[in-house]
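Here is what each chain is made of, one letter per residue.
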Amino acid sequence: MFYREAGQFKTSYQADGQIFPILQDRLALLALLAVAIVIVPLAASPYVLSAILIPFLIFSLAALGLNILTGYAGQLSLGTAAFMAAGAFASYNFILRIPGLPVLLAFVLGGLSAALVGIAFGLPSLRIRGFYLAAATLATQFFVVWCLTKIPYLTNYSASGVITAQPIVILGYAFDTPDRKYLLVLGVVAVMALLAKNMIRSNVGRSWMAVRDMDVAAEVIGFRLMRTKLLAFAVSSFYCGVAGALYAYAYLGTVEPEAYNLDLSFRILFMIIIGGVGSVLGSFLGAAFIVLLPVLLNVIAHSLALPTSVASNLELMVFGALIIFFLIVEPHGLARLWQIGKEKLRLWPFPH
């Protein structure tokens, strides 16, 4: 009896020992969120808010959507920008066609419209996988952009195809300055990231990971592949659709098909590869890396007085080298490096 009670006490002690790191992480997250809400809008310049922080948050949300589909459900996609475009244009048309519709509700409806597009183009995942599924989603990219270009109703019969986004007004409060737009985007991204984190920990997330690891075994033990895969496409496209609406309204100020080209899809794919596939934190780290790297490379190119031909291609060369590096050295990306560094600092200076 004493041995059993001692074993129970040891187990309870170990469980209590695991609570403190979790509490520390949550307190650190709350402190970071408080800094982002209170200090950053007061200290950051309008340029930093508009050109760095707002696109970082929007790309983080889009990368999170792609990570749900590729990192957790194992379905490779190259059409992320197409889902973002569907959300942006759907939000624009909902606000235009329905007078008095709240902007946030339009963003949600735009995300739902993108989810329907994702379900429609996710149907091939029931039969194909891997490279062939990537080719099918690549067709989504070209088809959606073609529809937005060739159907005048979607662009309100604009001759150029470039239309100005409506002003963001919520409960009579206009989000027309960089700090206000930043706080709006921050609030939306924080709420959706929290929902994604809880969703991944639920039965839905476990079903996605089971299908990702071995779909045949998952089907044998009772998971329904059709519902699981289509749900992953729907949730991922919803996140990308909301990100696309924020990209048009809070960052660009215009709604245009050319803003959601294939290059944007590859950039978001690079974000999850560098940040970490199958990690919520990796989506944010990868987005921060991709947004800040061009700024850093631009400073280096000017300081070294590099030729224009070299400076213009330096970003592409560095991106390619980094992707190869992370795929070989650390496939789990910056999120894994962050986790390793955090564990080392937690044990330092007594690793034993």
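Residues numbered from 1 in each chain as written. Predicted model: local features only at pLDDT ≥ 70, side-chain atom pairs only at ≥ 80, totals over all residues. Heavy atoms only, no water.

Caption draft 1: Structural view of the overall build of the chain. A count of helices and strands for the chain gives 13 helices and 4 strands. Whereas a compact globule of 352 residues would reach a radius of gyration of roughly 20 Å, the chain reaches 22 Å, a difference of no more than 12%. Across its three principal directions, the C-alpha atoms of the chain cover 80 × 55 × 45 Å. Sorting the 352 residues of the chain into buried and exposed places 42% on the buried side. For the chain, contacts bridging at least 24 residues in sequence account for 77% of all contacts bridging at least 6. Of the roughly 19,000 Å² of accessible surface on the chain, a fraction of 71% belongs to carbon and sulfur atoms. Here the chain contributes 21 positively and 14 negatively charged side chains, and the mean placements of these two sets differ by 6 Å. (Helix = DSSP H or I, 4+ residues; strand = E, 2+ residues; numbered from the N terminus. Rg over C-alpha atoms; globule rule 2.2 N^0.38 Å. Buried < 20%, exposed > 50% of the residue type's maximum accessible area, 1.4 Å probe, protein only. Contact = heavy atoms within 4.5 Å. Areas by Shrake-Rupley, 256 points an atom, 1.4 Å probe, with all protein chains shown as cover. Lys, Arg positive; Asp, Glu negative; His and termini not counted. Charge placed at Lys NZ, Arg CZ, Asp CG, Glu CD.)

Caption draft 2: Structural detail: the pattern of salt bridges. By the definition in use, this model includes 2 salt bridges. A salt bridge links Arg212 to Asp213; the shortest N-O distance between them is 3.1 Å. For Arg212, a relative accessible area of 33% gives the class partly exposed. (Salt bridge = Lys/Arg side-chain N within 4 Å of Asp/Glu carboxyl O.)

Caption draft 3: Representation of the packing of helix α3 (residues 80–97) against helix α9 (residues 225–252). Running from N to C, α3 and α9 point in directions that differ by 65°, and their axes come no closer than 7 Å. For the pair α3 and α9, the sense of crossing is right-handed. Contacts between α3 and α9 involve Thr80, Phe83, Met84, Gly87, Ala88, Ser91, Tyr92 and Ile95 on the former and, on the latter, Ser237, Cys240, Gly241, Ala243, Gly244, Ala245, Tyr247, Ala248 and Tyr249. Class assignment for the residues of the contact of α3 with α9 results in 11 nonpolar, 6 polar and no charged. (Axes fitted to C-alpha atoms, helices over the stretch in contact; angles between N-to-C directions. Left-handed = near helix turned anticlockwise from the far one by under 90°. Nonpolar A, V, L, I, M, F, W, Y, C, P; charged D, E, K, R; others polar.)

Caption draft 4: Summary view of the packing of helix α6 (residues 178–201) against helix α7 (residues 203–213). Remark: α6 packs on α7, axes separated minimally by 4 Å, with the N-to-C direction vectors making an angle of 65°. For the element pair α6 / α7, the angle class is roughly perpendicular. Residue-level inspection shows Met199, Ile200 and Arg201 of α6 in contact with α7, the latter providing Asn203, Val204, Gly205, Arg206, Trp208 and Met209. Considering only residue class, the contact of α6 with α7 consists of 5 nonpolar, 2 polar and 2 charged. (Parallel < 35°, antiparallel > 145°, perpendicular 65-115°, else oblique.)

Caption draft 5: Focus on the environment of Ala31. Relative to the helices and strands, Ala31 resides in helix α1 (residues 2–43). Ala31 sits 160 residues away from Val191 along the chain, and the two C-alpha atoms are 16 Å apart.

Caption draft 6: Quick look at helix α5 (residues 131–150). In a regular helix each residue adds 1.5 Å, so 20 residues correspond to 28 Å; α5 covers 29 Å between its end C-alpha atoms and thus fits that length. Of all the positions in α5, only Leu133, Ala134, Ala136, Thr137, Thr140, Gln141, Val144, Val145, Cys147 and Leu148 are classed as buried. Where α5 is buried, its residues meet α3, α4 (103–122), α9 and α10 (262–275). (Expected span 1.5 Å × (residues − 1).)

Caption draft 7: Representation of the packing of aromatic side chains within the structure. Here the structure, examined in full by the defined rule, presents 10 aromatic pairs. In textbook terms, an aromatic cluster arises when at least three aromatic residues are bridged by ring pairs, as seen for Phe59, Tyr247, Tyr251 and Tyr260. Directly above the aromatic system of Tyr153 lies the positively charged group of Arg97, at a separation of 4.0 Å from the ring centroid. (Phe/Tyr/Trp six-rings, centres within 6.5 Å; stacked < 30°, edge-to-face > 60°. Lys NZ or Arg CZ within 6 Å of the ring centre and 35° of its normal.)

Caption draft 8: How the structure looks around the environment of Ala90. When you line up the elements, Ala90 lands in helix α3. When the C-alpha positions of Ala90 and Ala190 are compared, they lie 23 Å apart, and in sequence the two are 100 residues distant. Excluding residues that lie within four positions of it along the chain, Ala90 makes contacts with Gly110 and Ser113.

Caption draft 9: The confidence of the model for the chain, seen in detail. Counting all residues, the mean pLDDT for the chain is 85, and 91% of those residues have values of 70 or more. Least confident of the elements in the chain is α1, whose mean pLDDT is 60; most confident is α3, at 94. Low pLDDT, under 50, characterises residues 1–18; the stretch is placed with 0 contacts to residues that sit more than four places away or in other chains. (pLDDT = per-residue confidence, 0-100.)

Caption draft 10: A nonpolar patch on the surface, seen in detail. Judged by side-chain polarity, Leu33, Val35, Ile37, Val38, Ile39, Leu42 and Leu183 come together as a nonpolar surface patch covering roughly 610 Å² of accessible area. The leading source of residues in the nonpolar patch is α1, at 6 residues. In this structure Val38 comes out as partly exposed when scored by relative accessible area, which is 48%. (Patch = residues over 30% accessible without salt bridge, like charges linked within 9 Å, V, L, I, M, F, W, Y side chains within 5 Å.)

Caption draft 11: Region of interest: unusual backbone geometry. With a phi angle near 55°, Asn156 is a residue other than glycine that sits in the positive phi range. Counting through the fold element by element, Asn156 comes out in the loop between α5 and β1 (163–164). The backbone of Leu171 sits at a positive phi, close to 55°, despite the residue not being glycine. By the element assignment, Leu171 lies in the loop between β2 (169–170) and β3 (173–174). The exposure class of Leu171 is exposed, given its relative accessible area of 88%.

Caption draft 12: Structural view of the state of the cysteines. Counted according to the given criterion, the structure contains 0 disulfides. Cys147 takes part in no disulfide bond, and the closest cysteine sulfur, belonging to Cys240, lies 18 Å away. When its relative accessible area of 14% is taken as the criterion, Cys147 is described as buried. You can call Cys240 buried: its relative accessible area is 1%. (Disulfide = S-S within 2.5 Å.)

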